[in-house]
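# Descriptive structure summary
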Amino acid sequence: MSNDAESSTRRKFYIKTVYYRGNKVVKVTKAAHANSAVPRCVDHMQLNHYDAFVAEVFDELSGALHAVITRSVKGNIKIIFKRHVEEGM
């Protein structure tokens, strides 16, 4: 397979999740789909993998915000914004 054919079949990872502690970015991840990135983000926040207090999931190309998740000092998780998604869209 040529490089051109290989690169055209690669998955595109335009959904970005940025984890913050205060004003500091502590971790950035990418995903192909928001439907998998948002629950993964909630999981990381619940398990405190990155010692972050806020995370935002957004489309890197369009800028569309998919979710904002917070974690309190006591470990309480809140989804303070979640974009409405309908199945098949």
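Use the structure listed above.
Just so you know, these numbers come straight off a predicted model, no measurement behind them. (Residues numbered from 1 in each chain as written. Predicted model: local features only at pLDDT ≥ 70, side-chain atom pairs only at ≥ 80, totals over all residues. Heavy atoms only, no water.)

## Some thoughts on the overall build of the protein
To keep things clear, this is the line we draw: The secondary structure listing takes helices from DSSP runs of H or I that are at least 4 residues long and strands from runs of E that are at least 2 residues long, numbered from the N terminus. Should any heavy atoms of two residues lie within 4.5 Å, those residues are counted as being in contact.
Secondary structure summary: the protein contains 2 helices and 5 strands in total. A separation of at least 24 residues holds for 36% of the contacts in the protein among residues at least 6 apart in sequence.

## A few points about the sheet that holds strand 2 (residues 24-31)
Going by this rule: DSSP bridges decide pairing: two strands pair if at least two such bridges lie between them. Axis geometry follows a simple rule: fit a line to the C-alpha atoms, using only the stretch in contact for helices, then measure angles between N-to-C directions, giving values from 0 to 180 degrees.
The antiparallel open sheet is built from 5 strands, whose spatial order is 2-1-3-4-5. Each of the sheet's edge strands pairs with one partner strand only, and the pair in question is strand 2 and strand 5 (77-82). Pairwise comparison of adjacent strand axes, ignoring direction, gives a mean angle of 15° for this sheet. Sheet topology note: the strand 1 (residues 15-21)/strand 3 (residues 54-59) ladder contains 6 bridges and is antiparallel. Residue pairing across strands places Ile-15 opposite Asp-59, the latter belonging to strand 3.

## Focus: the pairing of strand 2
Sheet topology note: the strand 1/strand 2 ladder contains 7 bridges and is antiparallel. Its bridge partner being in strand 2, Val-18 is matched across the sheet by Val-28. Hairpin connection from strand 1 to strand 2: 2 residues lie between these consecutive antiparallel strands, with Gly-22 at a positive phi of about 65°.

## Thoughts on the side chain of His-66
The test is simple: A 3.5 Å cut-off defines polar contacts: any pair of N or O atoms within that distance qualifies, except that in protein one atom must be a possible hydrogen donor and the other a possible acceptor, and neighbouring residues in sequence count only when both atoms are side-chain atoms.
The residue His-66 is located in strand 4 (residues 65-71) in this model. For His-66, the side chain forms a polar contact with the side chain of Arg-83, separated by 2.7 Å. Ignoring anything within four residues of it in the chain, the contact list for His-66 reads Ile-15, Ala-34, Val-38, Val-57, Phe-58, Asp-59, Phe-81, Lys-82 and Arg-83.

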